[in-house]
Amino acid sequence: SVQRFTRATSASKYKLDIKPLEQSSEYAYNILKLEPKQWFDKTSIENYAKNLTDIYYGENLDPYLDVESIDSCYGLIAEDVENAGLSKYCQYNAYGEVEGIMYDRLWTLLIPIIKDLSENLEKANMHINDLKEKIQSIFLIELKLPLLKQ
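A quick note: this is a predicted structure, and the numbers were derived from the prediction, not measured.

J.: When you look at the overall build of the protein in this model, what are you seeing that I'm missing?
T.: Check the secondary structure of the protein and you find four helices and four strands. Going through the 150 residues of the protein one by one, you find that 16% of them count as buried. Put simply, 54% of the contacts in the protein that link residues at least 6 apart link residues at least 24 apart. Per element, the accessible surface of the protein, about 13200 Å² overall, is 56% carbon and sulfur.

Pasting the structure below:
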């Protein structure tokens with residue numbers, strides 16, 4: 001496979017035909033279908049096993065092999081992102097097989113969700129304030145009722 005290193009550019013001067021997402025606002029909610037996972041990196045485990053084998057047989061250890069510890073990794077699985085309908089945020093190899101996740105872009109789906117939550121919170125707070133005013137009005141009426149009966 002071909003490995004390329006590129007720099008990520010965010011400035012509009014590097015982009016053409018900038019416009020809002022064409023997908024519906026519900027599209028962003030696909031990110032909520034994802035569940036973070038925990039795993040061990042396959043290459044790290046294989047290197048660790050090779051190192052233990054070399055030690056066992058008294059062979060020279062590879063000084064560039066980083067196998068001091070095996071730590072679990074945390075994140076998302078590319079196939080899960082693809083299955084959630086977010087293939088635009090996946091990276092594919094020359095054979096069309098999913099290889100990675102565009103973590104640097106995936107988070108942008110949270111923006112419309114946070115906007116929706118913020119709007120809903122504002123509406124809920126307004127409704128709560130309306131209810132408080134109604135309760136206060138009822139309370140004031142109840143306080144005045146005994147005076148009206150006299």
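J.: What should I look at first to understand the packing of aromatic side chains in this one?
T.: For any pair of aromatic rings, geometry is given as the distance between the ring centres together with the angle between the planes. All told, the structure shown has one aromatic pair when counted by the stated rule. Here the aromatic rings of Y56 and Y57 are separated by 5.0 Å at their centres, their planes lie at 85 degrees, and the arrangement is edge-to-face. With respect to burial, Y56 and Y57 carry one shared label: exposed.

J.: Looking at this model, I keep getting lost on a nonpolar patch on the surface. Mind explaining?
T.: Taken together, the side chains of W107, L110, I111 and I114 define a hydrophobic patch exposed on the protein surface, amounting to about 390 Å² of accessible area. Counting through the fold element by element, I111 comes out in helix α4 (residues 110–149).

J.: So what exactly am I meant to see when it comes to the pattern of salt bridges here?
T.: It is possible for side chains bearing opposite charge to pair when their charged atoms get close. Tallied over the full model, the rule gives three salt bridges. Across the pair D17 and K19 runs a salt bridge whose closest N-O atoms are separated by 3.4 Å. Classification of D17 as exposed rests on a relative accessible area of 61%. Here D54 makes a salt bridge to K50, at a shortest N to O gap of 2.8 Å. With D54 and K50 both in helix α1 (residues 42–56) and four residues apart, this pair spans about one turn of that helix. For D54, a relative accessible area of 6% gives the class buried.

J.: What is the right way to look at the nonpolar core in this model?
T.: For soluble globular proteins, nonpolar side chains are generally found buried alongside one another. I31, L34, V81, L86, Y89, L106 and L109 are the most contacted members of the largest nonpolar core, which totals 16 residues. Among the elements of the structure, α2 (78–83) and β4 (98–101) are those that each provide at least two residues to this core. Excluding its chain neighbours within four sequence positions, the residues that come into contact with L109 are L21, Y27, A28, I31, L86 and Y89.

J.: Where do I start with α1 in this structure?
T.: In an α-helix there are 3.6 residues to a turn, and that puts residues three or four apart on one side. When the terminal C-alpha atoms of α1 are compared, their 21 Å separation across 15 residues agrees well with the 21 Å that a helix rising 1.5 Å per residue should span. After α1 finishes, the residue G58 shows a positive phi value of roughly 70 degrees.

J.: Can you walk me through the environment of I113 in this structure?
T.: Following the sequence through the fold, I113 ends up in helix α4. Along the primary structure I113 and I31 are separated by 82 residues, whereas in three dimensions their C-alpha atoms are 9.6 Å apart.

Rules and cut-offs
Residues numbered from 1 in each chain as written. Predicted model: local features only at pLDDT ≥ 70, side-chain atom pairs only at ≥ 80, totals over all residues. Heavy atoms only, no water. Helix = DSSP H or I, 4+ residues; strand = E, 2+ residues; numbered from the N terminus. Buried < 20%, exposed > 50% of the residue type's maximum accessible area, 1.4 Å probe, protein only. Contact = heavy atoms within 4.5 Å. Areas by Shrake-Rupley, 256 points an atom, 1.4 Å probe, with all protein chains shown as cover. Phe/Tyr/Trp six-rings, centres within 6.5 Å; stacked < 30°, edge-to-face > 60°. Patch = residues over 30% accessible without salt bridge, like charges linked within 9 Å, V, L, I, M, F, W, Y side chains within 5 Å. Salt bridge = Lys/Arg side-chain N within 4 Å of Asp/Glu carboxyl O. Core = buried A, V, L, I, M, F, W, Y, C linked by side-chain atoms within 4.5 Å. Expected span 1.5 Å × (residues − 1).

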